[in-house]
Structure formats: C-alpha cells, structure tokens
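Here is what each chain is made of, one letter per residue.
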Amino acid sequence: MHQNCLECTRLWSEYALVTRHFLKLEGRVQTARDSQDRQTAAELDPLLERAAAERAEIRRRIQEHELLPQAEAANA
Ligand SMILES: [Zn+2]
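Let me sum up the structure you'll find in this document. Computed from a prediction, not measured in an experiment: that's the story for all the values here.

Description of the overall build of the chain
For step 1, the next point in the chain: A tally of helices and strands in the chain yields three helices and zero strands.
For step 2, the next point in the chain: Reading the chain from its N terminus to its C terminus gives the helix and strand order α-α-α.
For step 3, the next point in the chain: What you see for the chain is a C-alpha radius of gyration of 16 Å, clearly larger than the 11 Å of a compact globule of 76 residues, by over 25%.
For step 4, the next point in the chain: Reported as C-alpha extents along the three principal axes, the dimensions of the chain are approximately 55 × 15 × 10 Å.
For step 5, the next point in the chain: Of the contacts made within the chain by residues no fewer than 6 positions apart, 64% connect residues no fewer than 24 positions apart.

Structural data, given as structure tokens:
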C-alpha cells in the first residue's frame, strides 16, 4: 500500500465493505444449510457468488493499483 494515497484508502475501504457483505451472506447461507432450508440457501447462493466476484474484482484492482508508482497513483 502507498503512503498517504487516497486511491489506496478508497480501494481498501471498498474492499472492507464488500468483504463484510460477503461474510454476512456466507453466514446466512451456512445457517440456511445447517437448518436444511434449501430454498433460502438456493436464493442466497447467487448473491454470495456475486459478492465473491465483486470482492475478487476489487482485490484485483488493488493489486493493479499497487503496481503503479506512488506519484502516478496519487493522480489516478
Ligand atoms: Zn495508492
């Protein structure tokens, strides 16, 4: 992570937000599975998949961004 970089801060807080959302959904899917609630699990699965994809995408953007030199990154 760059020092004092707004874009890093923005990306990481976005990542934290999506991660929290993902973990919450994962917990709900697990609860539904544990209680044999197949319908709820089936409804939540696509949402969980989408959250996982979103999370991976932001992680990718962070990695891409961190490859940039700090100066350029600050203006990005
Ligand atoms: Zn940065």
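Some remarks on unusual backbone geometry
For step 1, the next point in the chain: For Asn4, which is not a glycine, the phi torsion comes out positive at approximately 50°.
For step 2, the next point in the chain: Within the secondary structure layout, Asn4 lies in the segment before α1 (6–34).
For step 3, the next point in the chain: Assessed through the 9 C-beta atoms surrounding it within 10 Å, Asn4 is described here as exposed.
For step 4, the next point in the chain: With a phi angle near 55°, Gln36 is a residue other than glycine that sits in the positive phi range.
For step 5, the next point in the chain: Its location among the elements puts Gln36 in the loop between α1 and α2 (38–67).
For step 6, the next point in the chain: Taking the C-beta count within 10 Å as the criterion, Gln36 has 8 such neighbours and is therefore assigned exposed.

Points about α1
For step 1, the next point in the chain: For α1, spanning 29 residues, the distance from its first C-alpha to its last is 42 Å, which sits close to the expected 42 Å at 1.5 Å a residue.
For step 2, the next point in the chain: Positive backbone phi, at 55°, marks Gln36, one or two positions downstream of α1.

Section: the packing of α1 against α2
For step 1, the next point in the chain: Where α1 contacts α2, the axes come no closer than 9 Å and their chain directions differ by 160°. The orientation of α1 relative to α2 falls into the category roughly antiparallel. Our pair here, α1 against α2, has a crossing hand that is left-handed.
For step 2, the next point in the chain: Looking at side-chain class alone, the contact of α1 with α2 contains 17 nonpolar, four polar and 10 charged residues.

Conventions used here
- Residues numbered from 1 in each chain as written.
- Predicted model: local features only at pLDDT ≥ 70, side-chain atom pairs only at ≥ 80, totals over all residues.
- Helix = DSSP H or I, 4+ residues; strand = E, 2+ residues; numbered from the N terminus.
- Rg over C-alpha atoms; globule rule 2.2 N^0.38 Å.
- Contact = placed C-beta atoms within 7 Å.
- Buried ≥ 20, exposed ≤ 12 C-beta atoms within 10 Å, placed from the backbone.
- Expected span 1.5 Å × (residues − 1).
- Axes fitted to C-alpha atoms, helices over the stretch in contact; angles between N-to-C directions.
- Parallel < 35°, antiparallel > 145°, perpendicular 65-115°, else oblique.
- Left-handed = near helix turned anticlockwise from the far one by under 90°.
- Nonpolar A, V, L, I, M, F, W, Y, C, P; charged D, E, K, R; others polar.

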